[in-house]
Amino acid sequence: MKSMTLSGFVKKYTMVIALILVLILFVITTQGKILYAQNINNLISQNAYVFVLATGMLLCILTGGNIDLACGSVVCFTGAIGAVIMNRGGNMFVAVLVMLLIGALVGAWQGFWVAFIKVPPFITTLAGMYAFRGLSNVVLEGYAIGISDTLFLNVFGGGADCYIGDLFGGTDFNVLCVIVGVLIAAAIILVTFISRARAKKNGYTVAPFAGVLIKTIVICAVVVWLFYKLAQYKGIPTVLIWISIVLLAYSYITKNTRMGRYLYAVGSNEKATTLSGIDSRMPYFFAYTNMGFLSGLAGILTVARATQAQPTFGQGYEMDAIAACFIGGASAYGGEGNVFGVIIGAVLMGVINQGMSIMGIEANYQKVVKGLVLLISIIFDVLSNRKKS
Amino acid sequence: MGKIILEMKNITKEFPGVKALDNVNLQVEEGEIHALVGENGAGKSTLMNVLSGVYPYGTYSGDIIYNGEVCKFTKIKDSEEKGIVIIHQELALVPLMSIGENMFLGNEKGSKNHVDWNKTYQEADKYLKMVGLTDSSHTLIKDIGTGKQQLVEIAKALAKQARLLILDEPTSSLNEEDSKALLDLMLEFKKQGMTMIIITHKLNEVVYVADKITIIRDGSTVGGMDCKKDVIDEAHIIKGMVGREITDRFPKRHDVTVGDISLEVKDWSVEHPIYAGRKVVDHVNFNVKSGEVVGIYGLMGAGRTELSMSIFGQSYGANIKGKLFIKGREKVLKSPREAINEGLAYVTESRKVNGLILSNSIKINTTLANMKDVSTNNVIDADKEYAAAVEYKEKLRTKTPTVEQNVGNLSGGNMQKVLLAKWMFANPDILILDEPTRGIDVGAKYEIYCIINDLVKEGKSVVMISSELPEVIGMSDRIYVMNEGRFVAEMPSDQATQENIMAAIIQSGKGR
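Residues numbered from 1 in each chain as written. Chains lettered and ligands numbered in written order. Predicted model: local features only at pLDDT ≥ 70, side-chain atom pairs only at ≥ 80, totals over all residues. Heavy atoms only, no water.

Trainee: A description of the overall build of chain A should follow, citing residues and the corresponding values.
Mentor: Helices and strands together make up the secondary structure of chain A, namely 17 helices and two strands. Relative to its length of 389 residues, chain A is compact, with a C-alpha radius of gyration of 21 Å against a globular reference of 21 Å. If one aligns the C-alpha atoms of chain A with their principal axes, the spans along those axes are about 65 × 60 × 45 Å. In chain A, which comprises 389 residues, the proportion classed as buried is 48%. Restricting to contacts in chain A with at least 6 residues of sequence separation, those with at least 24 account for 78%. (Helix = DSSP H or I, 4+ residues; strand = E, 2+ residues; numbered from the N terminus. Rg over C-alpha atoms; globule rule 2.2 N^0.38 Å. Buried < 20%, exposed > 50% of the residue type's maximum accessible area, 1.4 Å probe, protein only. Contact = heavy atoms within 4.5 Å.)

Trainee: Please set out the overall build of chain B residue by residue, giving values where relevant.
Mentor: Scanning chain B from terminus to terminus reveals 17 helices and 24 strands. Over its C-alpha trace chain B gives a radius of gyration of 24 Å, about what one expects of a compact globule, namely 24 Å for 512 residues. Considering chain B as a whole, with its 512 residues, one finds that 54% of them fall into the buried category. For chain B, the accessible area works out to roughly 22100 Å², and carbon and sulfur atoms hold 47% of it. In chain B, 63 side chains carry a positive charge and 70 a negative one; their mean positions are 2 Å apart. (Areas by Shrake-Rupley, 256 points an atom, 1.4 Å probe, with all protein chains shown as cover. Lys, Arg positive; Asp, Glu negative; His and termini not counted. Charge placed at Lys NZ, Arg CZ, Asp CG, Glu CD.)

Trainee: Before we move on, can you summarise the interface of chain A and chain B with the specific residues and values?
Mentor: The partner chain B presents 33 residues to the 22 residues of chain A that form the contact. Summed over both partners, the interface of chain A with chain B comes to about 2200 Å²; 56% of that surface belongs to carbon and sulfur atoms. Among the residues of chain A in contact with chain B, Arg258, Arg261 and Leu275 of chain A are the three that bury the most area, contributing 35% of the side total. Inspection of the region where chain A meets chain B yields two salt bridges. As a salt-bridge pair, Glu385 of chain B and Arg261 of chain A come within 2.6 Å of each other at their nearest N and O atoms. (Buried area = accessible area lost by both parts, 1.4 Å probe. Salt bridge = Lys/Arg side-chain N within 4 Å of Asp/Glu carboxyl O.)

Trainee: So what about the sheet that holds strand 16 (residues 318-326) of chain B? Which residues, and what values?
Mentor: Residue and element names in this part refer to chain B. Spatial ordering of the open sheet is given by 14-13-16-17, a layout of four strands whose pairing is antiparallel. Each having just a single partner strand, strand 14 (279-289) and strand 17 (329-330) make up the two edges of the open sheet. Examined bridge by bridge, strand 13 (residues 261-271) and strand 14 share seven bridges and lie antiparallel to one another. Bridging from a neighbouring strand, Glu271 pairs with Lys279 of strand 14. (Pairing = 2+ DSSP bridges.)

Trainee: Would you mind going over the environment of Val373 of chain A in detail, with residue names and values included?
Mentor: Residue and element names in this part refer to chain A. Within the secondary structure, Val373 sits in helix 17 (residues 363-388). As for Val373 and Asn154, which are separated by 219 residues in sequence, their C-alpha atoms are 34 Å apart. Not counting residues up to four positions away in its chain, the partners in contact with Val373 are Ile327, Leu348 and Ile352.

Trainee: Please set out the state of the cysteines residue by residue, giving values where relevant.
Mentor: Within the structure shown, the criterion is met by zero disulfides over all chains. Of all cysteine sulfurs in the structure, the one in Cys71 of chain A sits closest to Cys76 of chain A, which takes part in no disulfide; the separation is 12 Å. (Disulfide = S-S within 2.5 Å.)

Trainee: Which residues make up the sheet that holds strand 23 (residues 478-483) of chain B, and what are the values?
Mentor: Residue and element names in this part refer to chain B. Ordered in space as 18-21-22-15-23-24, the six strands form an open sheet in which the pairing is mixed. Unpaired on one side and paired on the other, strand 18 (344-347) and strand 24 (486-492) mark the two borders of the sheet. For this sheet, the mean angle separating the axes of adjacent strands, direction not counted, is 15°. Against the sheet, helix 15 (residues 442-457) makes contact with strand 15 (293-298), strand 21 (430-434) and strand 22 (461-466), and its axis sits at roughly 150° relative to strand 22, the strand it touches most. (Axes fitted to C-alpha atoms, helices over the stretch in contact; angles between N-to-C directions.)

Trainee: Lay out the nonpolar core with the relevant residues and their values.
Mentor: Formed by 79 residues in total, the largest nonpolar core has its most connected members in Trp268, Phe286, Leu307, Leu344 and Trp423 of chain B. The greatest single-element share of this core, amounting to eight residues, is contributed by helix 14 (residues 412-425) of chain B. Counting contributing residues per domain, this core is built from domain 1 (14-22 + 47-160 + 245-382) and domain 2 (166-234) of chain A, each supplying no fewer than three. Sequence-distant contacts of Trp423 of chain B, that is, excluding residues within four places in its chain, are made with Leu275 and Ser276 of chain A together with Phe312, Ile340, Ala345, Tyr346, Val347, Ala369, Pro428 and Leu431 of chain B. Ranked by size, the runner-up nonpolar core spans 75 residues in total, among them Leu230, Ile300, Ala330 and Val339 of chain A. (Core = buried A, V, L, I, M, F, W, Y, C linked by side-chain atoms within 4.5 Å. Domains from an automatic or database assignment.)

Trainee: Go over the pattern of salt bridges with me, naming the residues and quoting the values.
Mentor: All names here are of chain B. According to the stated counting rule, one finds 28 salt bridges over all chains in the structure shown. Residue Asp143 is joined to Lys142 by a salt bridge in which the shortest nitrogen-to-oxygen separation is 3.4 Å. Using a relative accessible area of 46% as the deciding quantity, one classes Lys142 as partly exposed. In this structure, Arg438 and Glu435 form a salt bridge, with 3.1 Å as the shortest nitrogen-oxygen distance. Owing to a relative accessible area of 22%, Arg438 belongs among the partly exposed residues under this scheme. Residue classification places Glu435 among the buried residues on the basis of a relative accessible area of 5%. Counted as one network, the salt bridges with shared partners bring together Arg304, Glu349, Glu435 and Arg438.

Trainee: I'd like to hear about the domain arrangement of chain A, residue by residue, with values.
Mentor: Domain annotation for chain A reports domain 1 (14-22 + 47-160 + 245-382) and domain 2 (166-234). Inter-centroid distance (C-alpha atoms) of domain 1 of chain A to domain 2 of chain A is 27 Å.

Trainee: Any details on the packing of helix 14 of chain B against helix 15 of chain B? Residues and values, ideally.
Mentor: All names here are of chain B. Relative orientation of the contacting elements helix 14 and helix 15 amounts to 15°, with a least axis distance of 10 Å. The angle between helix 14 and helix 15 falls in the class roughly parallel. Here the hand of the crossing between helix 14 and helix 15 comes out right-handed. Between helix 14 and helix 15, the contacting residues are Gly413, Gln416, Lys417, Leu420 and Met424 on the first element and Ala444, Glu447, Ile448, Ile451 and Leu455 on the second. (Parallel < 35°, antiparallel > 145°, perpendicular 65-115°, else oblique. Left-handed = near helix turned anticlockwise from the far one by under 90°.)

Trainee: Can you explain the layout of surface pockets? Please cite residues and give values.
Mentor: Residue and element names in this part refer to chain B. When its volume is computed, the second largest pocket comes out at roughly 790 Å³. If you go around the second largest pocket, you meet 38 residues; those closest to its centre are Glu176, Lys202, Asn204, Glu468 and Pro470. Residue assignment for the lining of the second largest pocket shows that the elements contributing at least two residues are helix 6 (176-191), helix 7 (203-209), helix 8 (234-242), helix 15 and helix 16 (469-475). The biggest single contributor to the lining of the second largest pocket is helix 6, with five residues. Of the residues assigned to the lining of the second largest pocket, the class counts are 14 nonpolar, ten polar and 14 charged. (1 Å grid on protein atoms, 1.4 Å probe; cavity = no way out; pocket = protein on both sides within 12 Å on 5 of 7 lines; lining within 4 Å. Points joined across faces, edges and corners; volume = space filled by probe spheres on them. Nonpolar A, V, L, I, M, F, W, Y, C, P; charged D, E, K, R; others polar.)

Trainee: Could you give an account of a nonpolar patch on the surface, with specific residues and numbers?
Mentor: Residues and elements named next belong to chain A. A contiguous nonpolar patch, built from Leu167, Phe168, Phe173, Val175, Ile179, Leu183 and Tyr228 and spanning about 680 Å² of accessible area, is present on the exposed surface. For the nonpolar patch, the element with the highest residue contribution is helix 9 (residues 175-201), accounting for three residues. Tracing the backbone through its elements, the reader meets Leu183 in helix 9. (Patch = residues over 30% accessible without salt bridge, like charges linked within 9 Å, V, L, I, M, F, W, Y side chains within 5 Å.)

Trainee: Tell me about helix 6 (residues 92-115) of chain A, and please be specific about residues and values.
Mentor: Look at helix 6 of chain A: 34 Å from first C-alpha to last across 24 residues, which is about the 34 Å you get at 1.5 Å a residue. Where helix 6 of chain A begins, one side-chain oxygen reaches toward the backbone nitrogen of Phe93 of chain A, 2.6 Å away; that side chain belongs to Asn91 of chain A. (Expected span 1.5 Å × (residues − 1). Polar contact = N/O pair within 3.5 Å; in protein donor to acceptor, adjacent residues only side chain to side chain.)

Trainee: I'd like to hear about the packing of aromatic side chains, residue by residue, with values.
Mentor: If you walk through the whole model with that rule in mind, you get 20 aromatic pairs over all chains. Measuring from centroid to centroid gives 5.8 Å for Phe286 of chain B and Phe487 of chain B, while their planes differ by 40°, and the two rings are tilted. One end of the pair, Phe286 of chain B, is in strand 14; the other, Phe487 of chain B, is in strand 24, with 201 residues separating them in the sequence. Judged by its relative accessible area of 17%, Phe487 of chain B is buried. Arranged with centres 5.2 Å apart and planes meeting at 35°, the rings of Tyr480 of chain B and Phe487 of chain B form a pair that is tilted. No difference in accessibility class separates Tyr480 of chain B from Phe487 of chain B, as the two residues are buried. One aromatic cluster is present, formed by Trp109, Phe112, Trp113, Phe116 and Phe285 of chain A through successive ring pairs. Above the plane of the ring of Tyr55 of chain B lies Lys13 of chain B, whose end atom (NZ or CZ) is 4.4 Å from the centre. (Phe/Tyr/Trp six-rings, centres within 6.5 Å; stacked < 30°, edge-to-face > 60°. Lys NZ or Arg CZ within 6 Å of the ring centre and 35° of its normal.)

Trainee: Give a detailed account of the packing of helix 15 (residues 317-327) of chain A against helix 16 (residues 339-359) of chain A, specifying residues and quantitative values.
Mentor: Residues and elements named next belong to chain A. Between helix 15 and helix 16, the shortest axis-to-axis distance is 7 Å and the interhelical angle comes to 120°. Comparing their axes, helix 16 and helix 15 come out oblique. In the packing of helix 15 onto helix 16, the handedness of the crossing is right-handed. In contact with Asp320, Ala323, Ala324, Cys325 and Ile327 of helix 15, helix 16 contributes Gly341, Val342, Gly345, Ala346, Leu348 and Met349.

Trainee: So, the confidence of the model for chain B: which residues are in play, and what are the values?
Mentor: Do not read the fine detail of predicted coordinates wherever pLDDT is low. Taken residue by residue, chain B gives an average pLDDT of 86. The fraction at 70 or more is 97%. Confidence estimates for the predicted assembly give a pTM of 0.79 and an ipTM of 0.82. (pLDDT = per-residue confidence, 0-100.)

Trainee: Give me the lowdown on the pairing of strand 4 (residues 60-66) of chain B, citing residues and values where you can.
Mentor: Residue and element names in this part refer to chain B. Pairing of strand 1 (residues 4-15) with strand 4 involves six bridges; the strand directions are antiparallel. If you follow Glu7 over to strand 4, its bridge partner there is Ile65. Bridging between strand 4 and strand 5 (residues 69-71) involves three bridges; their strand directions are antiparallel. Paired with Tyr66 across the bridge in strand 5 is Glu69. With antiparallel pairing between neighbouring strands as the criterion, strand 4 and strand 5 make up a hairpin whose turn holds two residues, including Asn67 at a positive phi of roughly 55°.

See below:
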């Protein structure tokens, strides 16, 4: 295998490099405030919904650049239902199950029209965007409804105690948090090199050792540093666990399962996929049902963080999710993109938000900057693809 | 010797990692038809793209001398202004626009801000007449056949005042009749003094129209022939193209026993999915036995693809009627999946469009139709998948450094091998091959034929659809002739000749 050229490296990690540059920029302009432990903690908690929704959106986009405009409204709708259940004294577990189930049902409803009746997804989900926004208002009767179930809040990242406590009794510094970080880093190293060794044994083409080593070291350093920072604040936010589960699960689904393969195949060449004996409606149905399910999860995280549900929640969430996917390298034509890209895209958006907030830039200008970043990242993508062909 | 109108000197063009052209020289005399032949990927199209300015001046080295002056084209418009017009293999027409609109697309008649439609259609009609097309220039492109579309392309080129016309595989999607008409039109233009360069795989066409031949192999010119001086036959050209003599274009089959009927179709009728009532396949009966290659010959539009797709899990058509028997048992196949489960495989025509996922690797394409065998509980086993891809790569001798290579980067012949691998991996008993060798070169064709022979040797049945007569006759045990949705003749291949197959088609046409 040829060693990677510099331009090849830049092309492959364009957005990672962009993220680092943006981060450096903000470190300078905020005199390092952006790297304060609390700010990093906020970055994760505030953007939890972006990670979750963007992962779901990725699957939709893979099927052929299709998007789900309704997910912001569905977040609000499921959140509203959950808040009402708990507000009326309902059990938290019941509330969570109902929220996820309703999310999945809404997704299946949209998926049905998209996959089996072939209603264009843009229009199906536009309809959903209006309908579920309206229904949220109906459920909440136009008011905000508070949530006081502390277990719910603690588990899903709301209120003051939504962190994993320190088993080792650290007060200012969460020792458990650092240990977890180190263990994760160790696991990454182990998995990477075991799978590489196995691949080599089976005669696959493997990436050069030096490259893998550097990549692994960088990833582990970031992980350990992140947990070290979190330890300085209050420890691991519970919401990080949910985000991690979603990212890991969907990384696996897209990479290693047949359904994952179908999503990419349908997005790349639907005709060839159908003629290969694959029911091409199933990937669409799966992607949209799943989007609804994850909207339900995002709804849970959103109302937990706010400790209440409001009829205006979730507005514009769909756009954040779409933007994170495209910034993360998903193709607007489908068939290309991955969960790692989504992470980078979501973090980049989060860093820009956070950085500008710390700098005290007005919210309106923040939107201008976000818009420009999205446009630039797509221009980059288009240009580098053009050179390739 | 006439005046040299075009000379390309020492043209070298490199793409990252590949030298596509290496010191290629080409001389074209005024008023001649010059044939450019070579295997797929030899660099013919690249050379013509250099000439027409698709690759701008500076991205290649060497000189283009046209009409005595050195040309430095930076865009296609530059070459067109000089009268060099290229007609690409893939037709560049907008289906929902009229013939007239298409002909002057980007070259509109009238003033800067106003299109003069009267003038457009008047001019269009004039050029249509020159190419012998009688349709109105108001007809939409989608309503005329491929043959006529090709003529529109030529009329479009004439409208650009072409003096040197380049035709890249002009007949690749035409039937024999339309091809013949096109070639005759070229000869007619020659009489009027037009200079033409034709790129083609069909050597009989070269022999028919060319005055001179330039052969390109692996990016360099390996020889030229002058049809007035040299004796030209297909064998000579093939030898030049592949660098060795192919004594037998169709490999013989040995030790193959033809067994029982494996697939039988009775009274099969299919209607057009959009135009209800229009029969695309009309009461067709046929069968294929194990160990047998059955050829279905028909012109483009005869309904061959429609027939096979309707058999393959009703992938095409509406109101499908008839009975289908697999190994003597009647089956109703409602989806491609059911068809695959019954041991059927349909190796699609146009591998780039319905066959392969070009942006994915050979590995992913190989297992796409049979992911079951490389996964447990819906989770793909990466080891098994890789091993399967490598096995078929080696079995079919696909030329690629690794199975992780994207299919889009392969040559036509190798793509076809990947497509075959995909279906062989699905382990079918009956394979329907739709135009398995279209657009691939002589050497790769031979390899595909060998693969077909291996398949029947294993006791599988092969239905081969083709619009190349020599191939159908050379490869099949038995031949069905299809025309306008019906099977009009059946004959064993030893009785089949080009003449009696064409006669069957013409006869059936008269009967209507």
